[in-house]
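# Secondary and tertiary structure notes
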Amino acid sequence: MADLVTVIVRFLPGVVGETWRTSHLVPVDIEVGIPETVSTYCGVRIARGTAEVLEAYAGMPCELCLLKQPRSGAGA
Ligand SMILES: [Zn+2]
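For the structure given in this document, a descriptive report is provided here. (Residues numbered from 1 in each chain as written. Predicted model: local features only at pLDDT ≥ 70, side-chain atom pairs only at ≥ 80, totals over all residues. Heavy atoms only, no water.)

The next subject is the environment of Val38. As for its position among the elements, Val38 is in strand β3 (residues 37-39). Taking the C-alpha atoms as reference, Val38 lies 20 Å from Gly17; in sequence the two are 21 residues apart. Among residues more than four places away in sequence, those in contact with Val38 are Val26, Val44, Arg45 and Ile46. (Helix = DSSP H or I, 4+ residues; strand = E, 2+ residues; numbered from the N terminus. Contact = heavy atoms within 4.5 Å.)

Moving on, we get to the coordination of the zinc ion. His24 (ND1), Cys42 (SG), Cys62 (SG) and Cys65 (SG) make up the full set of protein donors to the zinc ion, lying at 2.0 to 2.3 Å. Geometry at the zinc ion is tetrahedral, judged from its four donor atoms and the angles of 102 to 117° they form at the metal. One chain supplies every donor for the zinc ion, spaced along it as H-x17-C-x19-C-x2-C. Placement of the pair is Cys42 in the loop between β3 and β4 (45-47) and Cys62 in the loop between β5 (51-54) and α1 (63-68), with a sequence separation of 20 residues. By relative accessible area, which is 9% here, Cys62 ends up buried. (Donors = N, O, S within 2.8 Å, 3.2 Å for Na, K, Ca; no water. Tetrahedral: all angles 85-135°; square planar, octahedral: opposite > 155°, others 65-115°. Buried < 20%, exposed > 50% of the residue type's maximum accessible area, 1.4 Å probe, protein only.)

Spatially, three strands are ordered β2-β1-β5 in an open sheet, and the strand pairing comes out antiparallel. The open sheet has two edge strands, β2 (24-29) and β5, and neither has a second partner. Strand-to-strand twist in this sheet, taken as the mean axis angle between neighbours without regard to direction, amounts to 45°. (Pairing = 2+ DSSP bridges. Axes fitted to C-alpha atoms, helices over the stretch in contact; angles between N-to-C directions.)

What follows concerns the environment of Glu18. As for its placement among the helices and strands, Glu18 is situated in the loop between β1 (4-11) and β2. Its relative accessible area of 56% is what places Glu18 among the exposed residues. Along the backbone, Glu18 and Thr40 are 22 residues apart, and their C-alpha atoms lie at a distance of 18 Å.

Right under this line is the structure:
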């Protein structure tokens, strides 16, 4: 069973329009690290070099990613 962590990524300025620069969530296998191309929970594919990894949400979070991310178990 792989150890997955969720990282927050956002396209760099100029790669996409400002309205597309939402903070996406990406599952990453910590054993492998961040691959060349990652798939967000909402299905967007992001190539390395076109996005930045964020420590915390900045700007607008991607609602689809929030909906599709696995629940951590606690709560409802
Ligand atoms: Zn997303």
